[in-house]
Amino acid sequence: MTPRAADRARYDRATAHLDAPLAVVDLEAFDANADDLVRRAGGKPVRVASKSVRCRALLERVLARDGFVGIMSFTLDESLWLARAGFEDVLLAYPSVDRGGFAELAADAKLAAAVTVMVDDPAQLELIDRARGGGAEEIRVCLELDTSLRLLGGRIRVGARRSPLREPAQLAELARSVARRPGFRLVGLMAYEGHVAGVGDALAGRPVRSRAIRLMQTAARRELAARRAAVVRAVRAVAPDLEFVNGGGTGSVQHTAAEEAVTEIAAGSGLFAPRLFDNYTSFSARPAALFAQPVVRRPGVGVVTVLGGGYPASGAAGVDRLPVPYLPEGLRYDPMEGPGEVQTPLLGAAADDLLVGDKVWFRHAKAGELCERFDRLHLIEGDRVTGEVPTYRGEGRTFL
């Protein structure tokens with residue numbers, strides 16, 4: 001029996017009493033992935049990206065482990081909700097224009113002490129001030145650095161289009177704007193190198209492209225390390241009490257942690273290990289989050305049909321954004337249909353061994369987006385379900 005077949009047997013036994021569709025988290029794999037992130041961080045604390053987990057119970061579980069500190073959130077509403085629930089260090093990773101949220105933040109000392117907001121434009125500071133509504137609490141601010149790699153004099157750009165702030169002088173000037181404005185305190189700097197952390201460099205069957213990605217990432221890491229160090233020096237000259245410099249992502253933990261200027265690492269996807277994180281030379285993780293769809297039809301030889309399954313991930317549309325049939329091994333989509341809204345045909349010899357009512361296990365392309373489809377996660381230890389916890393959706397929270 002292959003390791004994957006053994007996992008399938010475990011999951012089927014553990015959930016035999018449950019009807020699919022359902023989602024599970026293998027706690028042994030989850031904890032092993034958490035340990036590996038800490039190992040790769042080399043002594044620097046890991047801040048958990050909540051968008052990659054979207055389950056309060058699992059956020060609490062990982063933050064209880066040595067080596068993890070704080071949350072990186074994705075909306076202001078989520079940040080306030082987590083802070084009200086008792087999370088004491090929440091860094092909002094994206095700028096917000098939630099005026100009601102800012103009014104609440106500025107009026108509550110506990111929330112203002114727990115939540116740090118992201119800024120990359122003076123207009124965002126102005127919006128926050130207008131939204132205060134009389135609230136006088138000091139707002140904690142983090143600046144974001146653009147990490148993209150620019151080649152050929154800027155004619156080629158590699159990396160996400162995030163912050164407009166790129167050069168040390170630009171970030172120092174915004175730092176001065178924060179310092180001059182009453183009611184704000186600059187506490188952090190963030191730089192997410194998605195073109196390194198979120199792009200696999202060992203694509204199956206594509207050796208030339210894989211090598212090109214590795215060459216790009218080597219150049220990007222070298223350029224960013226030098227520029228980030230210069231930015232940190234420039235910002236610290238304005239704000240010497242800067243509390244943290246955040247960088248990284250699951251795919252670049254050990255590389256970013258090696259930079260002296262970086263004080264903490266952001267990671268989250270590595271806990272669940274979705275399919276987009278299979279193709280890295282620098283690390284490997286164990287699939288920890290899966291979902292099961294039930295076989296509802298057997299249309300013919302070599303084909304079964306499961307209920308639903310059309311759960312694409314965000315990003316540029318493509319095959320790599322689709323969930324992948326994982327267990328049993330050897331199933332694939334019908335290229336004429338793909339994963340469907342209400343049903344999904346699956347092809348392959350393995351289909352002939354499946355009966356109506358059996359489960360087919362899938363892996364989502366990305367991490368936390370799986371939780372937007374399910375209101376609970378069944379926690380598996382060995383071959384038993386030992387717990388059930390709500391996702392954000394199960395708690396009635398759909399922030400995006």
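Keep in mind the model is a prediction, meaning the values are calculated, not measured.

Asker: It is not clear to me how the packing of aromatic side chains should be interpreted in this structure. Could you clarify?
Answerer: Ring pairs (aromatic) are described by centroid distance and by the angle formed between their planes. This model, assessed by the stated rule, comprises 13 aromatic pairs. Consider the rings of Phe-74 and Phe-399, whose centres lie 6.3 Å apart with planes at 80°: the pair is edge-to-face. On the criterion of sequence distance, the pair formed by Phe-74 in the loop between strand S3 (68-73) and helix H4 (76-84) and Phe-399 in the segment after strand S19 (384-390) is long-range, its members being 325 residues apart. Seen from their ring centres, Phe-277 and Tyr-280 are 5.6 Å apart, and the 5° between their planes marks the pair as stacked. Like Phe-277, the residue Tyr-280 is buried in the burial classification. Through successive ring pairs, a cluster of aromatic residues spans Phe-74, Trp-81, Tyr-392 and Phe-399.

Asker: Teacher, can you tell me more about the sheet that holds strand S6 (residues 139-144) here?
Answerer: Hydrogen bonds along the backbone pair up the strands of a sheet, which may run parallel or antiparallel. Spatial strand order, S2-S3-S4-S5-S6-S9-S10-S11: 8 strands in a closed barrel with parallel pairing. Each strand axis lies, on average, 30° off the axis of its neighbour in the sheet, ignoring direction. Two elements, strand S2 (residues 46-49) and strand S11 (residues 264-267), share 3 bridges in a ladder whose sense is parallel. Bridge assignment links Val-48 to a residue of S11, and that residue is Ala-267.

Asker: For this particular structure, what's the right way to read the pairing of strand S13 (residues 303-307)?
Answerer: Side chains on a regular strand alternate between the two faces of the sheet. Within S13, 4 of the 5 residues are buried, which leaves it mostly tucked inside the rest of the structure. Two elements, strand S12 (residues 289-300) and S13, share 3 bridges in a ladder whose sense is antiparallel. Opposite Val-295, over in S13, you have Val-306 as the bridge partner. Hairpin geometry of S12 and S13 is characterised by an intervening segment of 2 residues between the two adjacent antiparallel strands and by a positive phi of about 75° at Gly-302.

Asker: In this structure, what is going on with helix H7 (residues 122-131)? I would like to understand it.
Answerer: What sets the pattern is the α-helix's 3.6 residues per turn: residues three or four places apart point alike. Considered for burial, the residues of H7 that qualify are Gln-124, Leu-125, Leu-127, Ile-128 and Ala-131. The buried residues of H7 all sit within an arc of 160° when viewed along its axis, so they share a single face. N-cap assignment for H7: the residue whose side-chain oxygen lies 2.8 Å from the backbone N of Ala-123 is Asp-121. Positive backbone phi, approximately 60°, marks Gly-133, located one or two places after H7.

Asker: How should I be thinking about the nonpolar core in this particular structure?
Answerer: Side chains that are nonpolar tend, in soluble globular proteins, to be buried together. The biggest cluster of nonpolar side chains holds 90 residues, and the ones touching the most others in it are Leu-58 and Val-141. Among the elements that line this core, the one with the most residues is helix H2 (residues 27-41), at 6 residues. Leaving out residues up to four positions away in the same chain, Leu-58 has contacts with Val-25, Leu-27, Phe-30, Val-53, Phe-272, Leu-377 and Leu-379.

Asker: I tried to follow the side chain of Asp-120 on my own but got confused; where do I start?
Answerer: Mapped onto the elements, Asp-120 comes out in the loop between strand S5 (115-119) and H7. For the buried Asp-120, no salt bridge exists, and the shortest N-O distance to an oppositely charged side chain is 7.6 Å, to Arg-162. Filtering out sequence-adjacent residues up to four positions away, Asp-120 remains in contact with Pro-95, Glu-144, Ser-163, Pro-164, Leu-165 and Leu-174.

Asker: Explain helix H1 (residues 3-14) to me, please; I cannot follow it from the model alone.
Answerer: A rise of 1.5 Å per residue sets the reference length of H1, with its 12 residues, at 16 Å; its end C-alpha atoms lie 16 Å apart and thus fit the reference within 8%. Looking at the packing, one finds that the buried side of H1 touches strand S1 (22-26), S12, strand S14 (324-327), strand S17 (359-363), strand S18 (376-381) and S19.

Asker: What should I look at first to understand the pattern of salt bridges in this one?
Answerer: Across all of its chains, the model carries 37 salt bridges by this definition. Linking Arg-47 and Glu-264 is a salt bridge whose minimum nitrogen-to-oxygen distance equals 2.6 Å. Placement of the pair is Arg-47 in strand S2 and Glu-264 in strand S11, with a sequence separation of 217 residues. Residue Glu-264 is classed as buried on the basis of its relative accessible area, which comes to 5%. One network of salt bridges, in which partners are shared, links Asp-146, Arg-150, Arg-157, Arg-166, Glu-167, Glu-223 and Arg-227.

Asker: Got a minute to help me understand the packing of H2 against helix H3 (residues 56-63) in this structure?
Answerer: When two helices pack together, their arrangement is given by the angle between their axes and by how far apart the axes lie. Between H2 and H3, whose axes approach to 11 Å, the crossing angle comes to 45°. Regarding the angle of H2 to H3, the classification is oblique. Here H2 and H3 pass one another in a crossing that is right-handed. Touching Leu-27, Phe-30, Asp-31 and Ala-34 of H2 are Leu-58, Arg-61 and Val-62, all from H3. In terms of residue class, the contact of H2 with H3 is built from 5 nonpolar, no polar and 2 charged.

Asker: Whenever I open this one, a nonpolar patch on the surface confuses me. Can you help?
Answerer: A cluster of nonpolar side chains, contributed by Leu-151, Leu-152 and Ile-156, occupies part of the molecular surface with about 250 Å² of accessible area. Its location among the elements puts Leu-152 in the loop between strand S7 (149-151) and strand S8 (156-158).

Criteria and cut-off values
Residues numbered from 1 in each chain as written. Predicted model: local features only at pLDDT ≥ 70, side-chain atom pairs only at ≥ 80, totals over all residues. Heavy atoms only, no water. Phe/Tyr/Trp six-rings, centres within 6.5 Å; stacked < 30°, edge-to-face > 60°. Helix = DSSP H or I, 4+ residues; strand = E, 2+ residues; numbered from the N terminus. Buried < 20%, exposed > 50% of the residue type's maximum accessible area, 1.4 Å probe, protein only. Pairing = 2+ DSSP bridges. Axes fitted to C-alpha atoms, helices over the stretch in contact; angles between N-to-C directions. Arc of directions from axis to C-beta. Polar contact = N/O pair within 3.5 Å; in protein donor to acceptor, adjacent residues only side chain to side chain. Core = buried A, V, L, I, M, F, W, Y, C linked by side-chain atoms within 4.5 Å. Contact = heavy atoms within 4.5 Å. Lys, Arg positive; Asp, Glu negative; His and termini not counted. Salt bridge = Lys/Arg side-chain N within 4 Å of Asp/Glu carboxyl O. Expected span 1.5 Å × (residues − 1). Parallel < 35°, antiparallel > 145°, perpendicular 65-115°, else oblique. Left-handed = near helix turned anticlockwise from the far one by under 90°. Nonpolar A, V, L, I, M, F, W, Y, C, P; charged D, E, K, R; others polar. Patch = residues over 30% accessible without salt bridge, like charges linked within 9 Å, V, L, I, M, F, W, Y side chains within 5 Å. Areas by Shrake-Rupley, 256 points an atom, 1.4 Å probe, with all protein chains shown as cover.

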